[in-house]
Structures are given as C-alpha cells and as structure tokens.
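Examining the three-dimensional arrangement
Here are the chains, one letter per residue:
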Amino acid sequence: MNQFATILKRYKYILNKGDIVAGTILHEEYSGFLVNIGTKLGGYLPKEEITITSKNKHNHSISLLNITREFFLLTTNVHTKQSVLSIKRLEYIRAWKRIKQIYSEDILFKLQIQYINKGGFITYLEGIQGFIPKSHIDFNKMQITEISKKSIQGKNIECKLLTAIEQKNQVILSNKSAIFTLCPHRFKLGEIVYGKIVFIKSYGLFLSIYGVNALLHISEIGSIYIKNINLVFKTGTLIKVKILHINSKQGKIFVSRRSIE
C-alpha cells in the first residue's frame, strides 16, 4: 500500500497536473474509484474517465478493482484536495499518437461501420470517432442502394485517412481513396483507357475504370454541344477516354474524349 508513497518520498517528487502516474484501484464508489497513487489522500477516478470507448463502460468498471496501472493526472479537486485521475485521457493521447503514425505512413485499413446518417458513415479509429463523407463512399462498388443502407451497419469498409486534426478531435476518412489504392491498374496522365458508364447526369458521365470512379464532364465529351446527354449515352456502355487528372488522395479520376476523337 505504501510502495507508491515510498517512491515519491525517495525522489522528493510532487505530483502535478498532466503527470502520468502509477496507482492501484482500491475501492468503487457510486460515481468513481479510489486509487492509491502514493499521496496521503489518494486519487479519484471518475467513471466518465474510465475509457474513450462509450460502449461497455459498465463492464470496464467491474474488471478495474485491484488493478495496478498508469493514470493521467487531470487536476486537483479544490475541495477534497484529491488528485482527479483519468484513463480516458491517457487512451486519447496514445490513440492520437497512433493515428498520426497511420496518417504519415498512408496506411490502408478496414473499419466497422457503426452508424449511418445523411452525410455518410460514422466509424471509430483507435477509439476516436471518424467520419466517411458520402462523397468519399463508393456506393456502386459496395453495391449499396438507399434501401440496403441500414443492412450494412456493422460491416467493414476499406478506408484511408484524409485528415486527422487532434485539436478538433477530427478524423475524416475516404473509402474511394482506399479503392483507388487497391486498384491493380496504375493510372497515368494522358493514358487512353476504356470506362463503363455507371451514372448519367446533366453535367456529365460517371464511369467505372478498373473499379475506380471517373468523371467525364460534359465540356470534355467532344467539340459538338450536346443538348440532351441521355439521348447520346446509355448506362453499361463502354467508351474510350483519356486521363486528364488524377487525385489519389480523394480517389478521383477526371477524363476527356476531346483529344481522342
């Protein structure tokens, strides 16, 4: 019981806010845990500071008693003078360290789809909530329709990190970028390829080229103005195009027919 106190006394160390300290969880109270960290009053771990994962917090609290581990010292309670501890903050710091490494190494990975909203998919990376915008999901590749969207909740999706901002706790992911990386074909600017028409819009055609989405804007279809694009092209048709621009980060390709007619 006095092991942590002996260490602190030996090195004449006074605990401060932001320190990472060792301690043993001794007792559970209604809203938290008493922790022996070597100080006279001990430390206090609020239940909301157990983990960054919102699920199964009750199960976490059952297994914490008599555990010796590290804690992050959040602050000192002005009334009780107890050190307020957190496991959650420690997990958060370590999670962001791993996320930054993933981003720097441009790693491709699979994540479970937790929730679906109008804007896209919500998932978790290293316990931190991440968001895959609708514009970065290849619904055609995943064979997802409006009716079947709910059925994919809980399934895995290939992702790559687009942005990771710790100060805002913001993790934005891209499914299209992951698909682009997985594509066996290595696209080159100026390359002539065949693409299948998958969608027809008033502003152009969306093609699938080796499984990657490409946009053929109406201004790049040809030298002659097309009044009704639907009368000229049909979905499922193969057309020959030239690659104008490649955005591997966003998983997008822009093509043209102008110079190959």
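Anything mentioned here points back to the structure above.
In this report, we go over the structure that sits alongside the text. (Residues numbered from 1 in each chain as written. Predicted model: local features only at pLDDT ≥ 70, side-chain atom pairs only at ≥ 80, totals over all residues. Heavy atoms only, no water.)

1. Concerning the pattern of salt bridges
This model, assessed by the stated rule, comprises 7 salt bridges. Between Glu220 and Arg258 there is a salt bridge, with its nearest N and O atoms 4.0 Å apart. Here Glu220, found in the loop between strand S14 (212-217) and helix H6 (229-232), pairs with Arg258, found in the segment after strand S16 (252-256); they are 38 residues apart in sequence, far enough to count as distant. The exposure class assigned to Glu220 is partly exposed, which follows from its relative accessible area of 22%. (Salt bridge = Lys/Arg side-chain N within 4 Å of Asp/Glu carboxyl O. Helix = DSSP H or I, 4+ residues; strand = E, 2+ residues; numbered from the N terminus. Buried < 20%, exposed > 50% of the residue type's maximum accessible area, 1.4 Å probe, protein only.)

2. Here we look at helix H3 (residues 88-104)
Here H3 is 17 residues long and its end C-alpha atoms lie 24 Å apart, about the 24 Å a rise of 1.5 Å per residue gives. Every buried residue belonging to H3 is among Leu90, Ala95, Trp96, Ile99 and Ile102, and all of these are buried. In the segment just after H3, Asp106 is the residue with positive phi, at about 55°. (Expected span 1.5 Å × (residues − 1).)

3. Looking at the side chain of Ser83
Inspection of the secondary structure puts Ser83 in strand S5 (residues 83-86). Accessibility expressed as a relative area gives 9% for Ser83, which makes it buried.

4. Let's talk about helix H5 (residues 175-182)
Extensive coverage of H5 is indicated by the burial of 6 of its 8 residues. Looking at H5, one finds that the buried residues are Asn175, Lys176, Ser177, Ala178, Ile179 and Phe180. Its side-chain oxygen at 3.4 Å from the backbone nitrogen of Lys176, Ser174 defines the N-terminal cap of H5. (Polar contact = N/O pair within 3.5 Å; in protein donor to acceptor, adjacent residues only side chain to side chain.)

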